[in-house]
Amino acid sequence: MPVTAMNRFNSITYRITGLMFLSISVTVFLLIYLADAQMVELFQQYLVVQHMEMTQGGQASGSPTMTLVMGSLEKNFLESVHASLRWVGVGIMALGLAASYALARSITIPIRKLGQVAEQVAQGELGKTAPVETNDEVGHLADIFNRMSQSLAANATLRRQLLANIAHELRTPLAVIQGNLEGMVDGVIAPDKAQLRSLHDEAVRLNRLIKDLRDLSLAEVRQLVLEKRPTDMNQLVARTVLMLKPLADAKQIRIECALADCLPDVVVDPDRMNQVLYNILVNAIRYSPAQGAIRVYTARVMEQTDPWLKVSIADEGEGIAPEDLPYVFDHFYRGDKSRDRKSGGSGLGLAIVKQLVEIHGGRVTVESRVNEGSVFHIWLPLKAV
Ligand code: ADP
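Source: prediction; values computed, not measured. Along each chain, residue indices are assigned from 1 in the same order as the chain's sequence is written. Thresholds applied to this predicted model are a pLDDT of at least 70 for local features of residues and 80 or more for the giving and counting of side-chain atom pairs; totals over whole chains, interfaces and linings are not thresholded and use all residues. Water and hydrogen atoms were dropped before computing side-chain values, which therefore reflect all heavy atoms in the structure.

### A word on the overall build of the protein chain
Then, number 1: The way it works is that DSSP assigns letters per residue, a run of H or I at least four long becomes a helix, a run of E at least two long becomes a strand, and they are numbered from the N terminus. Across its full length, the protein chain holds 9 helices and 7 strands.
Then, number 2: Put simply, the radius of gyration uses C-alpha atoms, and a globule should come to 2.2 Å times the residue count raised to 0.38. For the protein chain, whose C-alpha radius of gyration is 41 Å, the value lies well above the compact-globule estimate of 21 Å for 385 residues.
Then, number 3: Taking all 385 residues of the protein chain together, 34% fall into the buried category.
Then, number 4: Should any heavy atoms of two residues lie within 4.5 Å, those residues are considered in contact. Nonlocal contacts in the protein chain, meaning residues at least 24 apart in sequence, comprise 70% of its contacts between residues at least 6 apart.
Then, number 5: Here the accessible surface of atoms and residues is derived via Shrake-Rupley with a 1.4 Å probe, and residues count as covered only by protein chains that are part of the display. When the accessible surface of the protein chain is summed, it comes to about 23700 Å², and 59% of that surface belongs to carbon and sulfur atoms.
Then, number 6: Counting 39 positive and 41 negative side-chain charges, the protein chain places the averaged centre of each group 5 Å from the other. Relative accessibility thresholds used throughout: buried, under 20% of the residue-type maximum; exposed, over 50%; partly exposed, between the two (1.4 Å probe, protein chains only). His residues and chain termini do not enter the charge count, which takes Lys and Arg as positive and Asp and Glu as negative. For this purpose, a charge sits on NZ of Lys, CZ of Arg, CG of Asp or CD of Glu.

Pasting the structure below:
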């Protein structure tokens, strides 16, 4: 509800001010009442004692009445003390009212400013931030709000970029298919076997891209159904290496495996893990020079008292520039911008790897040096997650 639409007496300012003023008033009233009553009594006792000392030289003879000892002077004195006490009371209450109002405002003004910025964010102005003026709970709230607003803005930008990238990636193979089919319909391109095969390749690429995008989006929202079971990772690595042998052979690349003995089974979805190993190994082959070598090794490692299964894939390829390294797991990130989809992949391979490993409770890391090679490490938890 906008601040203006709020009943002003529902405002925290009025409620805090009212409550504080009420408690100050009650306290002041009670204090003044007690002080007044006690002061009258003590003053009377004092007068009586004085009177007795003056009339009988310090020897008491019965107690004199008030009318006897209280002259108009004394009455005036008492009246002026009463009046002073009342004025002091009024003064304290006025001060209390001002202090309560100032305190309430110091709390509500930052909240009101935060509310106005939140309203703007709700209207779609993502990224708007509120001033963090105090180092207290309200300042902390404003800081959290600002971070949330900025992350909303960053997510919106990423989503826009992602949509633009998807549209761009889908348009290219579709344009190729459309252009070729139009050429065939117009009789400009002969519908021979080679042409049809190239069209089929484009359709397959398109299909793969859409499947990758679907997997990626499902993994990102943790909706990908996993069929987890205890899996021998060494066996899975050996199978993936065998599957990719023809691709490596075509470039005369050696794939050496150094698989740890007595590796415990890890609970994973073997098909998804195969996809992870496949994507990293395909990259290793793609970015390795002909006759190069790729090493795959597995190990059981302890990290912060937890056991992990680590699979590492090291190549001696072109490596990744330090400025590219933080982005290699992003969607559609390609190190070499000039490389087209045919010579390279979709730019989704490592993004899928990251998501698939993360939904298994693991993580993937990379070390790389330009012209020396890259090592990708897949960490899978051996402790149940
Ligand atoms: P692509 O399908 O384009 O290979 P990936 O997501 O698999 O997309 O990889 C993203 C980028 O990371 C690649 O474009 C490439 O620049 C870089 N990259 C990935 N693996 C390697 C590697 N083994 N050696 C060098 N660069 C790599």
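Moving on from the model shown.
### Description of the pairing of strand S6 (residues 363–369)
Then, number 1: Going residue by residue along S6, you find Val-364, Val-366 and Ser-368 tucked away on one face and Arg-363, Thr-365, Glu-367 and Arg-369 left uncovered on the opposite face.
Then, number 2: Sheet analysis places S6 next to strand S7 (residues 373–381), joined by 7 bridges and oriented antiparallel. Paired with Arg-369 across the two strands is Gly-373, which belongs to S7.
Then, number 3: Here, strands pair whenever DSSP counts at least two bridges between them. Hairpin connection from S6 to S7: 3 residues lie between these consecutive antiparallel strands, with Asn-371 at a positive phi of about 70°.

### As for helix H8 (residues 270–286)
Then, number 1: Multiply 1.5 Å by the residue count of a helix minus one, and that product is the helix's expected span. In this model H8 runs 24 Å from its N-terminal to its C-terminal C-alpha over 17 residues, within 8% of the 24 Å that 1.5 Å per residue would give.
Then, number 2: Judged by how many residues are buried, H8 sits mostly within the fold: 14 of 17 residues are covered.

### A word on the confidence of the model for the protein chain
Close inspection of predicted coordinates is inappropriate for parts of the model with low pLDDT.
Then, number 1: When pLDDT is averaged along the protein chain, the result is 88; 91% of the residues meet or exceed 70.
Then, number 2: As a per-residue measure, pLDDT reflects the predictor's confidence and takes values from 0 up to 100. For the protein chain, helix H2 (residues 66–69) is the element with the lowest average pLDDT, namely 56, and S7 is the one with the highest, namely 97.
Then, number 3: Every residue in residues 1–5 scores below 50 in pLDDT, and together they form 2 contacts with partners more than four places removed in sequence or on other chains.

### Here's the deal with the side chain of Ser-149
Then, number 1: For Ser-149, the location among the structural elements is in helix H4 (residues 137–185).
Then, number 2: On the basis of relative accessible area, Ser-149 is assigned to the buried category, the value being 0%.
Then, number 3: Within 3.5 Å is the distance limit for a polar contact, defined as a pair of N or O atoms, with the added protein rule that one can donate a hydrogen and the other accept it, and that residues adjacent in sequence qualify only through two side-chain atoms. Within the structure, the side chain of Ser-149 is placed 2.7 Å from the backbone oxygen of Lys-128, a separation counted as a polar contact.
Then, number 4: Not counting residues up to four positions away in its chain, the partners in contact with Ser-149 are Val-121, Leu-126, Gly-127 and Lys-128.

### Quick word on the packing of H4 against helix H5 (residues 193–220)
Axis angle and axis distance: for two packed helices, these are the angle between their axes and the distance between the axes, and together they describe the pair.
Then, number 1: Fitting a line to C-alpha atoms yields each axis, with helices limited to the stretch in contact; the angle taken between N-to-C directions then spans 0 to 180 degrees. Their axes nearest at 10 Å, the elements H4 and H5 cross at an angle of 160°. One element, H4, and the other, H5, form an angle in the roughly antiparallel class. Here H4 runs over H5; the crossing is left-handed. Here Ile-166, Glu-169, Leu-170, Pro-173, Leu-174, Val-176, Ile-177, Asn-180, Leu-181 and Met-184 of H4 come into contact with H5, specifically with Gln-195, Leu-196, Leu-199, Glu-202, Ala-203, Leu-206, Leu-209, Ile-210 and Leu-213.
Then, number 2: Residues that form the contact of H4 with H5 fall into these classes: 15 nonpolar, 2 polar and 2 charged. Angle categories are assigned with fixed cut-offs, so that under 35 degrees is roughly parallel, over 145 is roughly antiparallel, 65 to 115 is roughly perpendicular, and the rest are oblique. Note: crossing handedness is left-handed where the near helix turns anticlockwise from the far helix by less than a right angle, and right-handed where it turns clockwise. Note on residue categories: nonpolar means Ala, Val, Leu, Ile, Met, Phe, Trp, Tyr, Cys or Pro, charged means Asp, Glu, Lys or Arg, and polar means any other residue, Gly included.

### Some words on the side chain of Thr-13
Then, number 1: Mapped onto the secondary structure, Thr-13 falls in helix H1 (residues 12–56).
Then, number 2: Given the relative accessible area of 3%, Thr-13 is considered buried.
Then, number 3: Contacts of Thr-13, omitting those with residues within four sequence positions, involve Tyr-101, Ala-104, Arg-105, Thr-108 and Arg-112.

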